[in-house]
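# Commentary on secondary and tertiary structure
The lines below spell out each chain.
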Amino acid sequence: MAVTSFTRRWTLDDRAESVWHSLPVDIPPGCEGLLVTLTVPDVDGVVIDIGCEGADGWRGWSGGARRTFAITPTAATPGYVAGELEPGTWWVVLGLHRLPVEGAELVVEATTGPVSVVPGLAEYAAATEAVAVPARPPRRTLPSADGLRWVAGDFHAHSLHSDGSTPIANLASLGVSAGLDVLACTDHNTEAHHLELPSVGRRFGIGLIPGQEVTTESGHANAFGGIGVIDFRRPAAEWVKEVAGRGGLLSINHPLGGDCSWRQPLGTAHPPLAEIWHSSWLDRRWGGPIAWWEAWGLSTTTPIGGSDWHNPSSLSLPGAPTTWIAVDASAEGPDELVPAVLEGLAAGRTSVSAGYNAPVLLRNGDEFVVLGAPNTVLIAPDGTRRAIRSDAETLPAEQSGGHVLATHTGEFVAVSH
């Protein structure tokens, strides 16, 4: 057993140089485990993130949710990937998210050797066992184009693998209770949760989409698909190319989300998706998200929605908003739905509503179907408006690109691509 300790006062100069700093740890051949503890002063204005990079690649991230983690060949703290500890130089990665003017003294202690207790593992297992499969509400069947059917999803949710309060199993339970067919699990800067998704999805009867929220202080983006970790420390324009090159899909998250608003330079790179409807859009008379979508590109950006659920105090439960995706009608069961939904996203076949049973605007081929939204107005990309007077109407889809449905008082009730 060997202990490597780092004690240092980190200053604003360090943060100006880079938000992320790496501390080396030597991993010998046959190492039985790594246990890392971060000690942070209990003063206002200090928020420090922590993660781990192995000699052969990324092993996990806690952000500011945990101060200690362990990795062994057979088990790891939630948020980290278990497996053989390849010999060589590993790195404890610190994120200087918030520092006071006077700086802060941080202590990092890394111990190599047998790990008697893996932090967080027993609690995670117990919480998972306690989750029962809930009853699903009556399914909503929506009219669709030939060969397709509409399924309900939420593309943003967190578990104990990052800063959420619950295991993947409970996310699945909440999704089923909301009537969802699919739910994207998007923990921050890690793919540790991906291993659980297929088995948990089958148990609960819901497609759990592998995702990761690529997270920085200048904006967040969800990378969908089992594509490996996207390095959040690299320029965001590289995320776009890397995700596309690996066959995944990238979405800009909550672009007008307070201090998490999107401020990353992208140059000519343009992700195919954007979280136009985020749970923070509480007053839908506020046109900011629609204005951002128009400026970003109504015709080139497919809208999706996300609850961004973390814990019971979150702004909304999974499924609020609900993203509807038109998928191959033959796709049945969680294992088939996940790739079918990713294909539907790539094709731009989405509609977003406030919830599972809320008014909805569907593009079916060369027609729009408007359901549950009497006395509203359909607004096309060029600003053309058409009145919707009844509970169910069908209109020609005269323009391509994003459309919105709004009340006569200016409240947005649905969007569609």
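Residues numbered from 1 in each chain as written. Predicted model: local features only at pLDDT ≥ 70, side-chain atom pairs only at ≥ 80, totals over all residues. Heavy atoms only, no water.

## Digging into the overall build of the chain
Summing up its helical and strand segments, the chain has seven helices and 24 strands in all. Its C-alpha atoms give the chain a radius of gyration of 22 Å, within 12% of the compact-globule value 22 Å for 417 residues. Each of the three principal axes of the chain carries a C-alpha extent, and together these read 70 × 45 × 35 Å. Within the chain, the proportion of its 417 residues that are buried is 56%. Carbon and sulfur atoms make up 53% of the accessible area of the chain, which totals about 16700 Å². Averaging the positions of the 25 positive and the 46 negative side-chain charges in the chain gives two centres separated by 5 Å. (Helix = DSSP H or I, 4+ residues; strand = E, 2+ residues; numbered from the N terminus. Rg over C-alpha atoms; globule rule 2.2 N^0.38 Å. Buried < 20%, exposed > 50% of the residue type's maximum accessible area, 1.4 Å probe, protein only. Areas by Shrake-Rupley, 256 points an atom, 1.4 Å probe, with all protein chains shown as cover. Lys, Arg positive; Asp, Glu negative; His and termini not counted. Charge placed at Lys NZ, Arg CZ, Asp CG, Glu CD.)

## Examining the sheet that holds strand β22 (residues 392–396)
Taken together, the three strands give an open sheet; going across it, the order is β18-β19-β22, and neighbouring strands pair in antiparallel fashion. Bordering the open sheet on either side are β18 (360–364) and β22, each of which pairs with just one other strand. Averaged over all pairs of adjacent strands, the angle between strand axes in this sheet comes to 20 degrees, irrespective of strand direction. For strand β19 (residues 367–371) and β22, the ladder comprises five bridges, and the chain directions are antiparallel. Paired with Leu371 across the bridge in β22 is Ala392. (Pairing = 2+ DSSP bridges. Axes fitted to C-alpha atoms, helices over the stretch in contact; angles between N-to-C directions.)

## Some thoughts on the pattern of salt bridges
Scanning the model with the defined rule gives 15 salt bridges in all. Note that Asp335 and Arg202 form a salt bridge whose closest N and O atoms lie 2.9 Å from each other. Of this pair, Asp335 sits in helix α7 (residues 333–346) while Arg202 sits in helix α4 (residues 197–204); the two residues are 133 residues apart in sequence, bridging distant segments of the chain. Classification of Asp335 as partly exposed rests on a relative accessible area of 45%. (Salt bridge = Lys/Arg side-chain N within 4 Å of Asp/Glu carboxyl O.)

## A look at unusual backbone geometry
Cis geometry is found at the peptide bond from Ala320 to Pro321, where omega equals 5 degrees. As for its placement among the helices and strands, Pro321 is situated in the loop between β15 (302–306) and β16 (322–328). Of note, Asp308 is a non-glycine position whose phi angle comes to about 60 degrees, a positive value.

## Brief notes about the environment of Glu123
Within the fold, Glu123 resides in helix α2 (residues 121–129). For Glu123, a relative accessible area of 54% gives the class exposed. When the C-alpha positions of Glu123 and His417 are compared, they lie 42 Å apart, and in sequence the two are 294 residues distant.

## What about the state of the cysteines?
Under the defined criterion, the tally for this structure stands at zero disulfides. Cys185 carries a free sulfur, and the closest cysteine sulfur to it, the one in Cys260, is 20 Å from it. On the basis of relative accessible area, Cys185 is assigned to the buried category, the value being 0%. (Disulfide = S-S within 2.5 Å.)

## Some remarks on the side chain of Glu393
The residue Glu393 is located in strand β22 in this model. The side chain of Glu393 is buried and forms no salt bridge, while Arg389, the nearest opposite charge, is found at 6.5 Å. Only 2.9 Å separates the side chain of Glu393 from the backbone nitrogen of Ser390, close enough to count as a polar contact. The residues touching Glu393, leaving out its near neighbours within four places in the chain, are Phe368, Val369, Val370, Ala387 and Ile388. (Polar contact = N/O pair within 3.5 Å; in protein donor to acceptor, adjacent residues only side chain to side chain. Contact = heavy atoms within 4.5 Å.)

## Describing the packing of aromatic side chains
Inspection of the entire model under this criterion finds eleven aromatic pairs. With centroids separated by 6.1 Å and ring planes inclined at 70 degrees, the aromatic side chains of Trp239 and Trp262 adopt a geometry described as edge-to-face. Of the two residues, Trp239 sits in helix α5 (residues 236–245) while Trp262 sits in the loop between β13 (249–252) and β14 (273–278), which places them 23 residues apart along the sequence. For Trp239, a relative accessible area of 1% translates into the label buried. (Phe/Tyr/Trp six-rings, centres within 6.5 Å; stacked < 30°, edge-to-face > 60°.)

## Quick notes on the pairing of strand β10 (residues 182–188)
Along β10, seven of the seven residues are buried, which leaves the element largely enclosed by surrounding structure. Burial of the side chains of β10 extends over both faces: Val182, Ala184, Thr186 and His188 are buried on one face and Leu183, Cys185 and Asp187 on the other. When strand β9 (residues 148–154) meets β10, the two strands line up parallel, connected through two bridges. Residue pairing for β10: Gly153 is matched across the bridge by Val182.

## A look at the sheet that holds strand β2 (residues 20–27)
Strand-to-strand pairing in sheets goes through backbone hydrogen bonds, with the strands running parallel or antiparallel. In space, the four strands of this open sheet follow the order β2-β7-β4-β5, with antiparallel pairing throughout. The sheet is open, and its two edges are formed by β2 and β5 (57–63), each paired on a single side. Taken pair by pair, the neighbouring strands of this sheet meet at an average axis angle of 20 degrees, ignoring direction. Pairing between β2 and strand β7 (residues 88–98): eight bridges, direction antiparallel. Across the sheet, residue Pro24 finds its bridge partner in β7, namely Trp91.

## Thoughts on the nonpolar core
Of all hydrophobic cores here, the largest spans 33 residues; its most connected members are Trp239 and Ile290. Where this core is concerned, the elements lending two or more residues are β5, β12 (219–224), α5, β13, β14, α6 (288–297), β23 (403–407) and β24 (412–416). Top contributing element to this core by residue count: α5, with four residues. In this structure, Trp239 is in contact with Val214, Thr216, Gly219, Ala221, Ile230, Asp231, Phe232, Arg234, Leu250, Trp262 and Gln264, ignoring residues within four places of it in sequence. (Core = buried A, V, L, I, M, F, W, Y, C linked by side-chain atoms within 4.5 Å.)

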